[in-house]
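Topology and contacts: notes
Chain residues, written in single-letter form:
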Amino acid sequence: MNDMSRLWRVAVLCVGTASLAACASLPENGGRSGALQYATDRGLVVDSQADADTQHLVHGLLDKPISADDAIRIGLLANARVRSVYARLGIAGADVYDAGRLSNPSFSISAGFGNANADDKVTFGLAQNFLDLLLLPSRTRLAEGEFIRVQQEAAQDILNLAAEIETAYYRLVAAEQIRDMRQLAAKSTNISAELAGRFFVAGNMNRLDYALQKAAAADMAFSLRAAETAARVSRYELNRLMGQTAAPQWAVSARLPEPLDDDPDIEPLIAEALDTRLDLASARKAVEVLADSLKVTRQFRWLGSVAVGVDHERESGGKRITGPSLSLALPIFNQGQGAVHRAEAQVTQAEAAVHAMEATIANTVRSSHAELVEARQRALDYRDTVLPLRQEIVSETQKRVNFMIVGVFDLIDVKREEYNAYQGYFEAIGDYWVARATFARHIGLKLKSAEALSVIEETIPNQDQHHGHHGQPMPTDDAQPVADHTTQHDTDAHQGHGEQGGHDGHDGHGEHQ
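Residues numbered from 1 in each chain as written. Predicted model: local features only at pLDDT ≥ 70, side-chain atom pairs only at ≥ 80, totals over all residues. Heavy atoms only, no water.

Burial analysis of helix α4 (residues 68-78) places nine of its eleven residues in the buried class, the great majority of the element. Taken residue by residue, α4 has A68, D70, A71, I72, I74, G75, L76, L77 and A78 as its buried positions. (Buried < 20%, exposed > 50% of the residue type's maximum accessible area, 1.4 Å probe, protein only. Helix = DSSP H or I, 4+ residues; strand = E, 2+ residues; numbered from the N terminus.)

So, on to the nonpolar core. One finds L44, Y169, Y170, L238, M242 and W250 to be the most contacted residues of the largest nonpolar core, which totals 84 residues. Per-element accounting of this core gives the leading share, 21 residues, to helix α6 (residues 130-201). If we skip the residues at most four places from it in the chain, L238 touches A71, I165, A168, Y169, L172 and W250. (Core = buried A, V, L, I, M, F, W, Y, C linked by side-chain atoms within 4.5 Å. Contact = heavy atoms within 4.5 Å.)

Looking now at the sheet that holds strand β3 (residues 306-315). Here we have four strands laid out as an open sheet, ordered β1-β2-β3-β4, and antiparallel in their pairing. The open sheet is flanked by β1 (106-112) and β4 (320-328), the only strands paired with a single partner. Ignoring which end each strand starts from, the neighbouring axes of this sheet average 20 degrees apart. Relative to β4, β3 is paired through nine bridges, and the arrangement is antiparallel. Paired with H312 across the two strands is T322, which belongs to β4. Taken strand by strand, α6 contacts β2 (121-129) and β3, and its axis lies near 15 degrees from that of β2. (Pairing = 2+ DSSP bridges. Axes fitted to C-alpha atoms, helices over the stretch in contact; angles between N-to-C directions.)

Moving on to helix α10 (residues 337-402). Given 3.6 residues per helical turn, the α-helix brings residues three or four places apart onto the same face. Taking 1.5 Å as the rise per residue, α10 with 66 residues should run 98 Å; its terminal C-alpha atoms sit 94 Å apart, in good agreement. Within α10, the axis deviates most sharply at Y382, by approximately 40 degrees. (Expected span 1.5 Å × (residues − 1). Bend = angle between axes of the 7 residues up to and from the residue.)

This model, assessed by the stated rule, comprises eight aromatic pairs. Relative to W433, the ring of Y170 has its centre 5.7 Å away and its plane inclined at 50 degrees; by these criteria the two rings are tilted. Of this pair, Y170 sits in helix α6 while W433 sits in helix α11 (residues 408-443), placing them 263 residues apart in sequence. For Y170, a relative accessible area of 1% translates into the label buried. Here a set of aromatic residues connected by ring pairs shows up, and it is made of Y169, Y170, Y432 and W433. A cation sits over an aromatic face here: K415 above Y419, 5.7 Å from the ring centre. (Phe/Tyr/Trp six-rings, centres within 6.5 Å; stacked < 30°, edge-to-face > 60°. Lys NZ or Arg CZ within 6 Å of the ring centre and 35° of its normal.)

Another point: the packing of α4 against α6. Put simply, α4 and α6 touch, their axes get as near as 9 Å, and they point 135 degrees apart. Looking at the two axes, α4 sits oblique to α6. Once α4 is placed against α6, the crossing between them reads as right-handed. When α4 is examined against α6, the residues A68, A71, I72, G75 and L76 are found in contact with a partner set consisting of I158, L161, A162, I165, E166, Y169 and Y170. Broken down by class, the residue content of the contact of α4 with α6 amounts to ten nonpolar, one polar and one charged. (Parallel < 35°, antiparallel > 145°, perpendicular 65-115°, else oblique. Left-handed = near helix turned anticlockwise from the far one by under 90°. Nonpolar A, V, L, I, M, F, W, Y, C, P; charged D, E, K, R; others polar.)

Right, here's the structure in full:
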């Protein structure tokens, strides 16, 4: 009985030692807080509401016109990619927990049946892998380093999703502005075709010019349909990134403001990107973890499986024997050369990946900056050169129409070109904000969104709205007043000035084919 008590005391001692050594616990909140802190430090605003409040918060945001920041908040709450990122953090946290605990001891029992000259014998054994105890600090340290790396990687994934949502938002706003402009242009072109039909019936326009007006109206209808489809597709894409499955019924809150008056120096931004990019930090952490693993592998390369324990032997004659046991793998055929070589190659591979990523980031930031500068300059060229010229052309043409020097169709044509210029302007502004969001992602920071800046007045004019960017005259829907002005004159009055400058230089009377 004393031997059995001694055996259990030894077993309890082994288990107690293992319990004291294995003090690791699961990371708090599955590691989310650390990952979100990385993203917050880089400018991303993240909601901390519990999962139970998520649906209510999302519905509250969707019930009002959403901004780019609102869209990002919704996406980070509802997009399944975020849940996948959190699950990956949970797996890494479980690895930390397992790495900080010893493997379970093994219990063995064997029985021997003697002959007439020997007693029966029963042997009990309790053994613990001693190598686990030796490697416990190193294994825990490596798992914790890997967990930090996964947190950095997860935070970068969240930042990438936020940038995708922001980009999709800007594309949607630009697409809706272009759609609205196409609607005005289509209305103007339809009025032009209607007037052309009146003149053709009255014998004041030939069949060719009438066909040209109808073809222009048809082309504009095609452009409008394409713009409407582009706006719908952009809306569906943003709806997907926000994690919504229902048909999008929400509205965006603002038009895009003008480009910012900034042209930052590129080299400091490259240095900042190499310092702040979390995917690069994650890759560098991988090198650090693998280098630490290589040192551990070299340190224990000669030590194979080692198990220590206690054996208790009991014979049928009443004899009992208790004593320690040791199981040791002899490094005769394998001294760990392969493990060391593998660890060295993994470090080299990880270092090469870091160097390749650094080169990719530096050149991507340069190219993204060039695209941003070009988009900004293109928008400014439209605002400062193209639009004022188109507005001046419309104004001067209107004066000539008033003095019956040119025909009303000349005014409608130049008005159509003004609409096209504004479409180019809206496209350039959209490209600028998309390029800015892309540039921010390549740097590794969440820059201030367009809605947080000074938002311009409504860009697409109403009937009584004539100014937008910096007081620039905006295109108005004055094709209808032109039509009304024309209908105030009879066809003879139109004939009277046609010879001085009819549409496309043709004779004002035309020939009714």
